[in-house]
Amino acid sequence: MTKPPPLPTKDRLIRAAAELFRSRGYNGVGVSEVLSRAKAPKGSLYHHFPNGKSDLALAASTWASDGMLRLIAASFEPAESFDEGVVTLCHKLAKFFDSKDMWGGCPITSTLFEGPATEDFRAHARYLVDGWIAEVEHHARRLGVPATRAAATAEHLYMLVQGGWQLAKARQQSDVLRHLPAQLNTDRRQ
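Definitions and limits used
- Residues numbered from 1 in each chain as written.
- Predicted model: local features only at pLDDT ≥ 70, side-chain atom pairs only at ≥ 80, totals over all residues.
- Heavy atoms only, no water.
- Helix = DSSP H or I, 4+ residues; strand = E, 2+ residues; numbered from the N terminus.
- Rg over C-alpha atoms; globule rule 2.2 N^0.38 Å.
- Buried < 20%, exposed > 50% of the residue type's maximum accessible area, 1.4 Å probe, protein only.
- Contact = heavy atoms within 4.5 Å.
- Areas by Shrake-Rupley, 256 points an atom, 1.4 Å probe, with all protein chains shown as cover.
- Lys, Arg positive; Asp, Glu negative; His and termini not counted.
- Charge placed at Lys NZ, Arg CZ, Asp CG, Glu CD.
- 1 Å grid on protein atoms, 1.4 Å probe; cavity = no way out; pocket = protein on both sides within 12 Å on 5 of 7 lines; lining within 4 Å.
- Points joined across faces, edges and corners; volume = space filled by probe spheres on them.
- Nonpolar A, V, L, I, M, F, W, Y, C, P; charged D, E, K, R; others polar.
- Expected span 1.5 Å × (residues − 1).

Colleague: In this structure, what is going on with the overall build of the protein? I would like to understand it.
Modeller: In terms of helices and strands, the protein carries ten helices and zero strands. Along its sequence from the N terminus, the protein presents helices and strands in the succession α-α-α-α-α-α-α-α-α-α. Scaling as 2.2 N^0.38, a compact globule of 190 residues should have a C-alpha radius of gyration of about 16 Å, and the protein matches this with 18 Å. With respect to the principal axes defined by its C-alpha atoms, the protein has extents near 55 × 45 × 30 Å. Per-residue burial over the protein gives 44% buried out of 190 residues. A sequence separation of at least 24 residues applies to 66% of the contacts in the protein between residues at least 6 apart. Summed over all atoms, the accessible surface of the protein reaches about 10400 Å², with 54% contributed by carbon and sulfur. Charge-centre separation for the protein: the mean point of 24 positive side chains lies 6 Å from the mean point of 20 negative side chains.

Below you can see the structure in the form of structure tokens.
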């Protein structure tokens, strides 16, 4: 079997930054560490990201967000009901939690909320989170959640997942994430 070609330098920088920011936060990572992890020459960072670490952080958070959007789509597209999609999503998140060193945070929050308090970072975080909620809302409507409740349901799921992720980290138990669908269903019945 032939080995796939190495990723381009820009992609290696983005992935290395996403991993490092997730595990140690934006302020806990130096440029030299990203270059070392990416096996990239020194000049490559500023070649691909003229504003340096801050541009790289925006690109890394977008890359991580794209992965989350794919996970949401893979959970809801084959589902026959919104509840089935929620269960699948929460189980996929729990599996991801079990497969990684999850003492780090979400690559988006660890990067954009812990990075410099700039309007660019806040606006980008808002854009990415709103994109996740919009993707879930789209599937909620498609799977029969009334249009008047779809946006609130999607936002509620986001809040449950974020809180569930923190509780799973604190307890070191991915089952917290697997139990989230029951919480969402209970809240919707009240």
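Colleague: Help me out: how do you make sense of the side chain of Ser-75 in this one?
Modeller: Along the chain, Ser-75 turns up in helix H4 (residues 53-76). When neighbours within four sequence positions are excluded, Ser-75 is seen to be in contact with Gly-85, Thr-88, Leu-89 and Lys-92.

Colleague: Can you help me understand empty space enclosed by the protein in this one?
Modeller: Empty space among the atoms becomes visible once a probe the size of a water molecule is rolled across them. Scanning the entire structure with this criterion turns up one cavity of 30 Å³ or more. Of the voids in this model, the largest cavity is the one considered here, and its volume is about 100 Å³. Along the walls of the largest cavity sit Met-68, Ile-72, Leu-89, Trp-132, Ile-133, Val-136, Ala-154, Leu-157, Tyr-158, Val-161 and Gln-162, which together make up its complete lining. Looking at the lining of the largest cavity, the elements that each hand over two or more residues are H4, helix H7 (119-142) and helix H8 (147-171). For the lining of the largest cavity, the element with the most residues is H8, which contributes five residues. In terms of residue class, the lining of the largest cavity is built from ten nonpolar, one polar and no charged.

Colleague: Which parts of the structure should I look at to understand H8?
Modeller: Given 3.6 residues per turn, any residue in an α-helix points the same way as the ones three and four places further on. In a regular helix each residue adds 1.5 Å, so 25 residues correspond to 36 Å; H8 covers 36 Å between its end C-alpha atoms and thus fits that length. In the stretch just after H8, Gln-172 is the one whose phi turns positive, near 55°.

Colleague: Even after reading the chapter, I still don't get the side chain of Ser-174, so can you show me in this structure?
Modeller: Within the element layout of this structure, Ser-174 appears in the loop between H8 and helix H9 (175-178). With near-sequence residues (within four places) excluded, Ser-174 lies in contact with Ala-94, Phe-97 and Asp-98.

Colleague: Before we go on, may I ask you to explain unusual backbone geometry in this structure?
Modeller: Negative phi values dominate among residues other than glycine, just as trans dominates among peptide bonds. Located in the positive-phi region is Lys-39, a residue other than glycine, with phi close to 55°. Examined against the element boundaries, Lys-39 turns out to sit in the loop between helix H2 (31-38) and helix H3 (42-48). A relative accessible area of 70% means that Lys-39 is categorised as exposed.

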